[in-house]
Amino acid sequence: MMEGIENDDLSLRPVEQEDFPTNPHLDDDQDSNGWQTIAPEHMSIFMPSSLQFADIQRLGLVTMASQELELRQGQANDALEGLRLALGHKTLLFRTKVRVLLQGE
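Residues numbered from 1 in each chain as written. Predicted model: local features only at pLDDT ≥ 70, side-chain atom pairs only at ≥ 80, totals over all residues. Heavy atoms only, no water.

> I'm lost on the overall build of the protein chain in this one. Help?
Summing up its helical and strand segments, the protein chain has two helices and zero strands in all. Relative to its full complement of 105 residues, the protein chain shows a buried share of 11%. Looking at the protein chain alone, contacts between residues at least 24 apart form 17% of all its contacts between residues at least 6 apart. (Helix = DSSP H or I, 4+ residues; strand = E, 2+ residues; numbered from the N terminus. Buried < 20%, exposed > 50% of the residue type's maximum accessible area, 1.4 Å probe, protein only. Contact = heavy atoms within 4.5 Å.)

Okay, structure coming up:
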């Protein structure tokens, strides 16, 4: 899955104090090398969509990028289905309430 990525393509840099909130659950904010601990919920996940297309090709991530696109499309379809279901439920409630009101008159 990581084919094409060379070690010199990746670099580590010290995290500045104001870059990310620290993990409040850890007793020590920095390790012995001075690197700051970052809470996982505040970390960015590397995804091929964060790269330019030329870099995706250079690093051999074309397949991974197409898989990410399929996953994002599926996530969008799931969200749309949830909206359709919620709208249908509200429509049902509205029609039921209107019929009860009309029959009561």
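Once you've had a look at it, read on.
> Mind showing me how you'd approach the environment of Phe-46 here?
Mapped onto the fold, Phe-46 is located in the segment before α1 (53-58). Leave out the neighbours within four places in its chain, and Phe-46 touches Leu-51 and Leu-61.

> Looking at this structure, I do not really get the side chain of Glu-68. What am I missing?
Along the chain, Glu-68 falls in helix α2 (residues 62-104). With a relative accessible area of 5%, Glu-68 lands in the buried category. Looking at Glu-68, its side chain comes within polar contact range of the side chain of Arg-72, at 2.8 Å. If near-sequence neighbours (up to four positions away) are discounted, Glu-68 is found in contact with Met-47, Pro-48 and Ser-49. (Polar contact = N/O pair within 3.5 Å; in protein donor to acceptor, adjacent residues only side chain to side chain.)

> Even after reading the chapter, I still don't get the pattern of salt bridges, so can you show me in this structure?
A side chain of one charge can pair with a side chain of the opposite charge if their charged atoms are brought near each other. The tally for this structure, following the rule as stated, stands at two salt bridges. Ionic pairing is found between Arg-58 and Asp-55, a salt bridge with its closest N-O pair at 3.7 Å. Remark: Asp-55 and Arg-58 occur in helix α1; sequence separation between them is three residues, near one turn of the helix. A relative accessible area of 53% means that Arg-58 is categorised as exposed. In this structure Asp-55 comes out as partly exposed when scored by relative accessible area, which is 26%. Between Arg-72 and Glu-68 there is a salt bridge; the shortest N-O distance is 2.8 Å. (Salt bridge = Lys/Arg side-chain N within 4 Å of Asp/Glu carboxyl O.)

> Can you walk me through the confidence of the model for the protein chain in this structure?
Caution applies to low-pLDDT parts of the model: their predicted coordinates are not meant to be read in detail. Of the residues in the protein chain, 68% have a pLDDT of 70 or more, and the chain-wide mean is 78. Counted against residues more than four places away or in other chains, residues 5-12, with its pLDDT under 50, gives six contacts. (pLDDT = per-residue confidence, 0-100.)

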